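Examining the three-dimensional arrangement
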Amino acid sequence: MSSAYRITPGVGSLWLCLLVLLLACVEAYEELSDKTLTELTRPNNDFDIHNGALLAPILRTRVPGTPGSTAVLNHFADFFRTTLPKWTVEIHNSTAKTPLSKGKDVSFRNFIATRDPPWASVGDVGRLTFVAHYDSKIAPEGFIGGIDSAAPCAMIMHAMRSVDTALEKKWSALKEQGLNDYLEEERGLQVIFLDGEEAFKEWTETDSLYGARALATHWDDQVYPAMSEFKSPLSSISLFVLLDLLGSKSPTVQSYFETTHWAYQRLGALEKRFRSLKQFKSALADPWLVDTEKDGHKLAAMGGIQDDHLPFLAKGVEILHLIDYAPFKGFPPVWHTIDDDGEHLDLDTVEDWSMLVTAFVAEWMELEGYFDHPSTLSSRSDDESAELEALRMSRKTEL
């Protein structure tokens, strides 16, 4: 051993222990155990189309600038205020003229909820961002939009509620042990419910994506403090996961972007595991995520699919677009018809999507070991350091 770097046995042991602790806390995408997958919280009756606490209030007409839109926006705000009070909620307002507004401005309101590590500084958190639009089409009259996109909004709400306690436990444990300073990166969660996705008359570059276009521009113009990890709220989006047209039976979801194909494959692996563990309620058929075995260099072209991701994609945001679309078959049969309502949702499929989203979030945020499993809850200690030790042990094979 070189005399320039000689460690006595006692000091060497200390450094080895510190190295183990630090490596255990390096952020990486970590799989959930089978036990955790099978015991993730289910929505139960929350997706009931008549009385369900999450879905039912969204199943109404909600054209931008109307009372129905306000009611759904209030539903989102009430949910986070009462169920997820540690999330930060904001409304992004914008106005625009539409082909039907006779020269008057229409108000568009995007709902944004964020959950960052409590110690993190502004601009230092990269966020996994889940997105759906909450507005409904103005025609046909009375259009509800069950798959488009009431159900995706409810799926996201369920997922964030399901992981919040585990996320708080992880952050509390890291803070208590003083290990938060050694994280490779800060990770947070973000939910965006966008307004004005639908065209008022006919889809064009100006008659569509009203809320998405305004928000992408606004965030691109904002600048975080000097020396921040990220330049702007837009650049802090680690992955923009857009859910649309989900809730019909036997969906087909393709992978469209090479740079996020790995995340698509992780989601596909979770789907496969849920099926093998017999945890999906929907009828077993072909896989939903059909491109998991494809090489990322050989993905299908977007095929002209226009959606809320486009303004963000144009500004360099990484996109994972989860939309039910099959070549030669197109979108689900109820798409943009009066039949796209609560009664035409396949609720088993809706629930399975919510579980898939929940598991993806939990793996991204490294929450294995922080869920209270019902089968072991009575024997668990409240000691947060013991939970941290469980996480370290689960990762020892990585060292």
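See the structure printed just above.
Values in this document were obtained by computation on a predicted structure and should not be read as measured data. (Residues numbered from 1 in each chain as written. Predicted model: local features only at pLDDT ≥ 70, side-chain atom pairs only at ≥ 80, totals over all residues. Heavy atoms only, no water.)

1. Comments concerning the nonpolar core
What counts is decided by this rule: Here, nonpolar core means buried Ala, Val, Leu, Ile, Met, Phe, Trp, Tyr and Cys residues that are tied together by side-chain atoms lying within 4.5 Å of each other. Burial classes follow relative accessibility: with a 1.4 Å probe on protein chains only, a residue under 20% of its type's maximum area counts as buried, one over 50% as exposed, and anything between as partly exposed. A run of H or I in DSSP counts as a helix once it spans at least four residues, and a run of E counts as a strand once it spans at least two, with each numbered from the N terminus. Contact between two residues is taken to exist if any of their heavy atoms lie within 4.5 Å; hydrogens are not considered.
Counting residues in hydrophobic clusters, the biggest one holds 95 residues, and the most contacted among them are Phe130, Phe193 and Phe312. In terms of residue count, the dominant contributor to this core is helix H4 (residues 146-176) (16 residues). Every residue in contact with phenylalanine 193, bar those within four places of it in the chain, is listed here: Phe76, Arg109, Asn110, Phe111, Ala132, Tyr134, Cys153, Ile156 and Met157. Listed in part, the five residues of the second largest apolar core include Val63, Phe108, Phe200 and Tyr210.

2. Focus on the packing of aromatic side chains
Condition: In this analysis, rings of Phe, Tyr and Trp, with Trp reduced to its six-membered ring, are considered paired at centre separations within 6.5 Å, and the interplanar angle assigns stacked below 30 degrees, edge-to-face beyond 60, and tilted for intermediate values.
By the definition in use, this model includes 20 aromatic pairs. Plain terms: the ring middles of phenylalanine 108 and phenylalanine 200 are 6.2 Å apart, the flat faces sit at 80° to each other, and that makes the pair edge-to-face. Taken together, the residues span a long stretch of sequence, with phenylalanine 108 in strand E2 (residues 105-115) and phenylalanine 200 in the loop between strand E4 (186-194) and helix H5 (210-221) at a distance of 92 residues. We note that phenylalanine 108, like phenylalanine 200, is buried. Both rings, one in tryptophan 262 and one in tryptophan 364, keep their centres 5.7 Å apart while their planes meet at 25°; by these two values the pair is stacked. Here tryptophan 262, found in helix H6 (residues 261-276), pairs with tryptophan 364, found in helix H8 (residues 347-364); they are 102 residues apart in sequence, far enough to count as distant. Tryptophan 262 gets classed as partly exposed once you look at its relative accessible area, which sits at 40%. On the basis of relative accessibility, which here comes to 8%, the residue tryptophan 364 falls in the buried class.

3. Examining the pairing of strand E6 (residues 319-323)
Rule in force here: One bridge is not enough; two strands pair if DSSP finds at least two bridges between them.
In terms of burial, E6 is largely enclosed, as five of its five residues are buried. Of the two faces of E6, the one lined by Ile319, His321 and Ile323 and the one lined by Leu320 and Leu322 are each fully buried. Direction of pairing for strand E5 (residues 237-244) relative to E6: parallel, over a ladder of five bridges. Paired with valine 241 across the strands is leucine 320, a residue of E6.

4. Focus: the packing of helix H3 (residues 67-83) against H4
This is how the line gets drawn: To define axes, lines are fitted to C-alpha atoms, for helices over the stretch in contact only, and angles between the resulting N-to-C directions are given on a 0 to 180 degree scale. Here the angle decides the label: under 35 degrees means roughly parallel, over 145 means roughly antiparallel, 65 to 115 means roughly perpendicular, and every other value means oblique.
Orientation of H3 relative to H4, taken along the N-to-C sense of each, is 10°, at an axis distance of 12 Å. One finds that H3 runs roughly parallel with respect to H4. Where H3 abuts H4, its residues His75, Phe76, Phe79 and Thr83 lie against Cys153, Met157 and Arg161.

5. Observations concerning the pattern of salt bridges
Selection rule: Salt bridges are defined by distance alone: a side-chain nitrogen of Lys or Arg within 4 Å of a carboxyl oxygen of Asp or Glu.
Under the criterion given, the structure shown has 18 salt bridges. Among the ionic pairs, arginine 42 bridges to glutamate 351, the shortest N-O distance being 3.0 Å. Pair noted here: arginine 42 is in the loop between helix H2 (34-39) and H3 and glutamate 351 is in helix H8, with a separation of 309 residues, a long-range link. An identical accessibility class is assigned to arginine 42 and glutamate 351; each is buried. Each of Glu31, Asp34, Arg266, Arg273 and Glu363 takes part in salt bridges that share partners, so that together they form one network.

6. A word on the environment of aspartate 324
Using the following cut-off: Think of a polar contact as two N or O atoms within 3.5 Å of one another; within protein, one of them needs to be a possible hydrogen donor and the other a possible acceptor, and neighboring residues in sequence only count if both atoms come from side chains.
Within the secondary structure, aspartate 324 is located in the loop between E6 and H8. For aspartate 324 and leucine 245, which are 79 residues apart along the polypeptide, the C-alpha to C-alpha distance reads 5.7 Å. With residues up to four places along the chain from it excluded, the contact list for aspartate 324 reads Asp244, Leu245, Leu246, Ser248, Pro251, Thr252, Val253, Gly330, Phe331 and Pro332. There is a polar contact of 3.0 Å between the side chain of aspartate 324 and the backbone nitrogen of threonine 252.

7. What about H4?
The test is simple: Residue count minus one, scaled by 1.5 Å, sets the expected span of a helix. What is called the bend at a residue is the angle between a pair of axes, fitted to the seven residues leading up to and ending at it and to the seven starting from it.
Helix length check: H4, at 31 residues, gives a terminal C-alpha distance of 44 Å against a target of 45 Å (1.5 Å per residue), a fit within 8%. Remark: the principal bend of H4, roughly 40°, maps to aspartate 164. With 25 of 31 residues buried, H4 lies mostly within the body of the structure. Residue glycine 178 follows H4 closely and has a positive phi angle near 70°.

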